Amino acid sequence: MLKLRVLNRIVESGLVAVIRAESADEASRIADACAEGGAAAGAGSVREVVAALECGAEIIKVFPGETLGPAFVRAVTGPLPQAPPMPTGGVSLENVATWIQAGCVAVGVSGNLTSGAKTGDFRSIAERARRFIEEIRRARA
């Protein structure tokens with residue numbers, strides 16, 4: 001049941017925070033800020049997508065997103081609609097709607113979400129998480 005709850009939370013939110021930090025305390029504070037903002041706490045070829053599905057993957061991580069692009073997602077989900085993609089790498093507030101409209105069930109975001117941690121501005125992380133989720137909801141509508 002936990003697996004199902006986690007998957008539902010990822011798909012409902014549409015945003016997965018990719019957290020990198022200098023310490024455990026900083027990681028915890030980033031995670032808390034992302035959660036406050038509403039965020040949920042590698043395939044590069046069609047062959048890798050199929051392999052992930054055969055191994056039981058429920059969501060396919062598309063990486064590097066900035067290189068593959070939304071066109072890759074559209075091309076893969078046409079013949080493989082059972083492969084729910086989630087890009088990471090290069091997802092921003094400016095392009096998140098394009099990813100969602102291409103068929104992604106969620107997006108993974110790191111620096112474009114958590115950069116405020118470098119200066120201790122965890123409030124900005126929560127705000128950016130909210131903005132990402134607003135853009136995702138708008139794109140899904």
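Refer to the structure printed above.
Residues numbered from 1 in each chain as written. Predicted model: local features only at pLDDT ≥ 70, side-chain atom pairs only at ≥ 80, totals over all residues. Heavy atoms only, no water.

A few points about the overall build of the protein
Okay, so step 1: Counting its secondary structure elements, the protein contains seven helices and four strands.
Okay, so step 2: Tracing the protein from N to C terminus, the helices and strands come up as α-β-α-α-β-α-β-α-β-α-α.
Okay, so step 3: Here the C-alpha radius of gyration of the protein, 15 Å, is about what a compact globule of 141 residues would show, namely 14 Å.
Okay, so step 4: Each of the three principal axes of the protein carries a C-alpha extent, and together these read 45 × 30 × 25 Å.
Okay, so step 5: When the accessible surface of the protein is split by element, carbon and sulfur atoms take 53% of a total near 7600 Å².
Okay, so step 6: Between the averaged position of the 16 positive side-chain charges in the protein and that of its 15 negative side-chain charges there is a distance of 3 Å. (Helix = DSSP H or I, 4+ residues; strand = E, 2+ residues; numbered from the N terminus. Rg over C-alpha atoms; globule rule 2.2 N^0.38 Å. Areas by Shrake-Rupley, 256 points an atom, 1.4 Å probe, with all protein chains shown as cover. Lys, Arg positive; Asp, Glu negative; His and termini not counted. Charge placed at Lys NZ, Arg CZ, Asp CG, Glu CD.)

With respect to the nonpolar core
Okay, so step 1: Core analysis: the biggest nonpolar cluster contains 26 residues, and L15, V107, L113 and F132 have the highest contact counts within it.
Okay, so step 2: Only β1 (15-17), α2 (24-37), α5 (96-102), β4 (107-109) and α7 (122-140) provide two or more residues apiece to this core.
Okay, so step 3: Examining the composition of this core, we find that seven residues originate from one element, α7, more than from any other.
Okay, so step 4: Core analysis: the second largest hydrophobic core is formed by nine residues, A43, V49, F72 and V76 among them. (Core = buried A, V, L, I, M, F, W, Y, C linked by side-chain atoms within 4.5 Å. Buried < 20%, exposed > 50% of the residue type's maximum accessible area, 1.4 Å probe, protein only.)

Overview of α2
Okay, so step 1: Taking 1.5 Å of rise per residue, the 14 residues of α2 would be expected to cover 20 Å, and the 20 Å separating its terminal C-alpha atoms lies within 8% of that figure.
Okay, so step 2: Summarising the contacts, the buried residues of α2 are in contact with β1, α6 (111-114) and α7.
Okay, so step 3: Just downstream of α2 lies G38, where phi reads positive at about 105°. (Expected span 1.5 Å × (residues − 1). Contact = heavy atoms within 4.5 Å.)

A closer look at the state of the cysteines
Okay, so step 1: Across all of its chains, the model carries zero disulfides by this definition.
Okay, so step 2: Cysteine C34 is unpaired, with the sulfur of C104 as its nearest cysteine sulfur at 19 Å. (Disulfide = S-S within 2.5 Å.)

Points about the packing of α2 against α7
Okay, so step 1: Put simply, α2 and α7 touch, their axes get as near as 7 Å, and they point 40° apart. As summarised for this structure, α2 and α7 are arranged oblique, according to the angle between their axes. The element α2 and its partner α7 pack so that their crossing is right-handed. Between α2, through E26, R29, I30, A33, C34, E36 and G37, and α7, the contact on the second element is made entirely by F122, R123, I125, A126, A129, R130 and I133.
Okay, so step 2: For the contact of α2 with α7, the class distribution of residues is eight nonpolar, one polar and five charged. (Axes fitted to C-alpha atoms, helices over the stretch in contact; angles between N-to-C directions. Parallel < 35°, antiparallel > 145°, perpendicular 65-115°, else oblique. Left-handed = near helix turned anticlockwise from the far one by under 90°. Nonpolar A, V, L, I, M, F, W, Y, C, P; charged D, E, K, R; others polar.)

Things to note about the environment of A83
Okay, so step 1: Along the chain, A83 falls in the loop between α4 (65-77) and β3 (85-87).
Okay, so step 2: Taking the relative accessible area as the measure of exposure, A83 reaches 3% and is therefore buried.
Okay, so step 3: The spatial distance from the C-alpha of A83 to the C-alpha of A52 is 8.9 Å, given a sequence separation of 31 residues.

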